[in-house]
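Each chain, letter by letter, is given below.
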Amino acid sequence: MMAGSDPTGRDYLQKRSRLAKRLGEVASFKRIQIIDDDQFDADVLAGNLRKILGRDMEIDSVRSINALHKKWAGDLPDLVFLDDRLGHTGNANSNIPAIRKIGYAGPIIVVSGMMTRDRRSFMMRMGAFETLHKDDYDTLSLIEILLRVLHASPDDAST
């Protein structure tokens, strides 16, 4: 066993608890949009977000960006999670500009099951706020991203 390792996971749980508390103090999300052609993936992400932010959070999912004009007619979301590859309807290369053209100027988190370092770098240059690998749909990773979105550094919660 390595020196300093935590076989019980206590350090992980303490960090998650500390960051969740910090998020609870600063969270101001009212509406989150998930765009993913795989309903199971969208449901997993939505479930984790509800676990973190509460059941009353409005989280909507659509399978393509074509549905957004109607969904966003009244009010834009605070945050968008966009699947990198939406089947035959394109990928984030074309979908990020399309979302911006609709009028959404907020943060976009690009999610992918095949996110590489080069792809992540390209997505950031395209205007993504952050990227997330679908294997990282755990509460700690999501809390850290949500804190970054809210301009509240996870490092601020070190006490």
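These figures come from a predicted structure and were not determined experimentally. (Residues numbered from 1 in each chain as written. Predicted model: local features only at pLDDT ≥ 70, side-chain atom pairs only at ≥ 80, totals over all residues. Heavy atoms only, no water.)

1. A few points about the sheet that holds strand β1 (residues 31–35)
Stage number 1. If you trace the five strands from one edge of the open sheet to the other, you get β2-β1-β3-β4-β5, paired in parallel fashion. Each edge of the open sheet carries a strand with a single partner, namely β2 (58–62) and β5 (130–133). Geometrically, the sheet is characterised by an average inter-axis angle of 20° between neighbouring strands, direction not taken into account.
Stage number 2. With four bridges joining them, strand β3 (residues 79–83) and strand β4 (residues 108–112) adopt parallel strand pairing. (Pairing = 2+ DSSP bridges. Helix = DSSP H or I, 4+ residues; strand = E, 2+ residues; numbered from the N terminus. Axes fitted to C-alpha atoms, helices over the stretch in contact; angles between N-to-C directions.)

2. Concerning the confidence of the model for the chain
Stage number 1. On average, the chain scores 85 in pLDDT, and the residues at 70 or more come to 88%.
Stage number 2. Scored below 50 in pLDDT, residues 155–159 shows six contacts in the model against residues more than four places distant or in partner chains. (pLDDT = per-residue confidence, 0-100. Contact = heavy atoms within 4.5 Å.)

3. Remarks on the pattern of salt bridges
Stage number 1. One pass over the full model with this rule turns up nine salt bridges.
Stage number 2. Measuring nitrogen to oxygen at the nearest pair gives 3.1 Å for the salt bridge that ties lysine 134 to aspartate 36. Of this pair, lysine 134 sits in the loop between β5 and α6 (139–149) while aspartate 36 is found in the loop between β1 and α2 (39–53), placing the two residues 98 residues apart along the sequence.
Stage number 3. On the basis of relative accessibility, which here comes to 1%, the residue aspartate 36 falls in the buried class.
Stage number 4. One salt bridge connects arginine 148 with glutamate 130, and the closest N-O pair in it is separated by 3.2 Å. Of this pair, arginine 148 sits in helix α6 while glutamate 130 sits in strand β5, placing them 18 residues apart in sequence. (Salt bridge = Lys/Arg side-chain N within 4 Å of Asp/Glu carboxyl O. Buried < 20%, exposed > 50% of the residue type's maximum accessible area, 1.4 Å probe, protein only.)

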